[in-house]
Amino acid sequence: MTRLWRMFVKMAAVALMLASGGAMAQTLKVMTFNVRYASDEGAERWAVRRPVMVELIRRAAPDLIGTQELLQRQGDDLVHALPGYRWFGRDRQGRHDDEHMGIVYRTDRLTLIRQGDFWLSDTSDRVGSMSWGTDLPRMANWAVFETKDARPRRFLFVDTHLAHRDEDAAARERAATLILSRLPALAQGLPVILAGDMNARPDSAAYRIFATSMTDAWRSATRREGPDMTFHDFTGTPDRRIDYLFLLGFKADQVTTDRFHRGKTYPSDHFPVHATLSFAP
């Protein structure tokens, strides 16, 4: 753990102690969801999946969702069907033509304070940049939110999607290290939630980089529901765990891998993972 990171962890702990003041724990409902980009053909076309995804989100009622693979029309469809939500983000090219790490949030529960993005590369502030042999630009979308509670709390939320190929293992390690290095300046001592499709199993080096510095919500949760594995390729039978919520300054009260579907229609080829989190005392 670097000196900068140790200082950041200490700052977050102090900020949380000062903010808590003995008040009852406040909770957040947070989801990570690779929604599978929209297509217009086949049994998994967006027109078929869309109502099932809307129903899943309505039932789970998360305050905040970090999506991956979201196309603009999917984000617009979701907030049109769920009018209490808004979404934001740029695509991997810095526009709105490709896949987004779209962040979706409930406006009655959260206020967006500031937001931004960066790319997973050696030139992370250059839009659309690539490094480490990946075949596509990869990025992270982030925001600082404030809860709309009697005693508002602020926190940093980061959403990402790491490189997917088997040969990208080193790139995933570099990306994990880069994301962690950016957190202190972005969070400024605030609690942090990192959501994403990491394309990395729990026995991988990329996972260990995240889990060494942050808490894996699934593994630390007081209660868990559903399978630990998340990718199922529209079969309903998952074969790998690659979707995560990592925490700093929060504790996971409950984490659910949500298998909701209608008949043979699944909202995505990934199960979303959603968690009820408390600000750590």
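Every value quoted in this text rests on a predicted model; they were computed, and no experiment measured them.

Enquirer: How would you explain the sheet that holds strand β1 (residues 27-34) if you had to name every residue and give the values?
Expert: Either a parallel or an antiparallel arrangement is found when strands of a sheet pair, and the pairing is made through backbone hydrogen bonds. An order of β3-β4-β2-β1-β13-β12-β10 is seen for the 7 strands of this open sheet, with the pairing classed as mixed. Each edge of the sheet is formed by a strand with only one pairing partner; in this case those strands are β3 (85-88) and β10 (223-225). This sheet shows a mean twist of 20° between the axes of neighbouring strands, independent of strand direction. Sheet strands in contact with helix α2 (residues 46-60) are β1, β2 (64-68), β3 and β13 (273-279), and its direction is about 160° off that of β1.

Enquirer: Lay out helix α3 (residues 72-81) in plain terms, naming residues and giving numbers.
Expert: Turning to α3, its buried residues number three or more, namely Gln74, Gly75, Leu78 and Val79. Considered in projection along α3, the buried side chains sweep an arc of 125° and stay on one side of the axis. Of the surrounding elements, those touching the buried residues of α3 are α2 and β3.

Enquirer: Could you give me a rundown of α2, with the residues and numbers involved?
Expert: In this model α2 runs 20 Å from its N-terminal to its C-terminal C-alpha over 15 residues, within 8% of the 21 Å that 1.5 Å per residue would give. All buried positions along α2 are accounted for by Trp46, Arg49, Val52, Met53, Val54, Leu56, Ile57 and Ala60. Where the residues of α2 are buried, they touch β1, β2, α3, β3 and β13.

Enquirer: So what's going on with the environment of Ala43? Residues and values would help.
Expert: Along the chain, Ala43 falls in the loop between β1 and α2. Accessibility expressed as a relative area gives 55% for Ala43, which makes it exposed. Along the primary structure Ala43 and Thr265 are separated by 222 residues, whereas in three dimensions their C-alpha atoms are 8.1 Å apart.

Enquirer: Just give me the short version of the sheet that holds strand β8 (residues 192-197), but keep the residues and values in it.
Expert: A sheet is described by the order of its strands in space; here 6 strands give the open sequence β5-β6-β7-β8-β11-β9, paired in mixed fashion. Looking at which strands have only one partner, the edges of the open sheet turn out to be β5 (110-119) and β9 (215-216). In the sheet, strand β6 (residues 139-147) pairs with strand β7 (residues 154-161) via 7 bridges, with the strands oriented antiparallel. Residue pairing in the sheet places Asn141 in a bridge with Asp159 of β7. Sheet contacts for helix α5 (residues 205-213): β8, β9 and β11 (243-248); angle to β11, the most-contacted strand, approximately 25°.

Enquirer: Lay out the environment of Met214 in plain terms, naming residues and giving numbers.
Expert: If you trace the backbone, Met214 turns up in the loop between α5 and β9. The exposure class of Met214 is buried, given its relative accessible area of 4%. Taking the C-alpha atoms as reference points, Met214 and Asp117, separated by 97 residues in sequence, lie 20 Å from one another.

Enquirer: Residue-level account of the packing of aromatic side chains, with values.
Expert: Across all of its chains, the model carries 12 aromatic pairs by this definition. When the ring of Phe155 is compared with that of Phe279, the centres are 6.3 Å apart and the planes differ by 70°; the resulting orientation is edge-to-face. On the criterion of sequence distance, the pair formed by Phe155 in strand β7 and Phe279 in strand β13 is long-range, its members being 124 residues apart. We note that Phe155, like Phe279, is buried.

Enquirer: Before we move on, can you summarise the nonpolar core with the specific residues and values?
Expert: Counting residues in hydrophobic clusters, the biggest one holds 28 residues, and the most contacted among them are Leu120, Leu156, Leu194, Met198, Phe210, Met214 and Phe246. Counting residues per element, the ones that place at least two in this core are β6, β7, α4 (169-187), β8, α5 and β11. In this view, Phe210 contacts Leu162, Ala176, Ile179, Leu180, Leu194, Met198 and Phe246; residues no more than four positions away in its chain are not counted. One finds Ile193, Leu245, Leu247 and Val255 within the second-largest nonpolar core, a separate group that totals 25 residues.

What counts, and where the lines are drawn
- Numbering of residues starts from 1 in each chain and follows the order in which that chain's sequence is written.
- With pLDDT at 70 or above as the cut-off, local features in this predicted model cover only qualifying residues; side-chain atom pairs require 80 or more to be listed or tallied, and sums for whole chains, interfaces and linings still use all residues.
- Excluding hydrogens and water, the side-chain values take into account all heavy atoms of the structure.
- The criterion for strand pairing is that DSSP finds at least two bridges linking the strands in question.
- Runs of H or I in DSSP of at least four residues are treated as helices and runs of E of at least two as strands, each being numbered from the N terminus.
- A fitted line through C-alpha atoms serves as each axis, taken over the contacting stretch for helices, and the angle formed by two N-to-C directions is quoted from 0 to 180°.
- Contacts are assigned to residue pairs that have any heavy atoms within 4.5 Å of one another.
- When accessible area is computed with a 1.4 Å probe and restricted to protein chains, residues below 20% of their type maximum are described as buried, those above 50% as exposed, and intermediate ones as partly exposed.
- What the arc describes is the spread of directions from the helix axis to the C-beta atoms.
- Each residue after the first adds 1.5 Å to the expected span of a helix.
- Stacked, edge-to-face and tilted labels apply to pairs of Phe, Tyr and Trp rings (six-membered ring for Trp) whose centres lie within 6.5 Å, assigned for plane angles under 30 degrees, over 60, and everything in between, in that order.
- For the purposes of this section, nonpolar cores are sets of buried Ala, Val, Leu, Ile, Met, Phe, Trp, Tyr and Cys residues that join through side-chain atoms within 4.5 Å.

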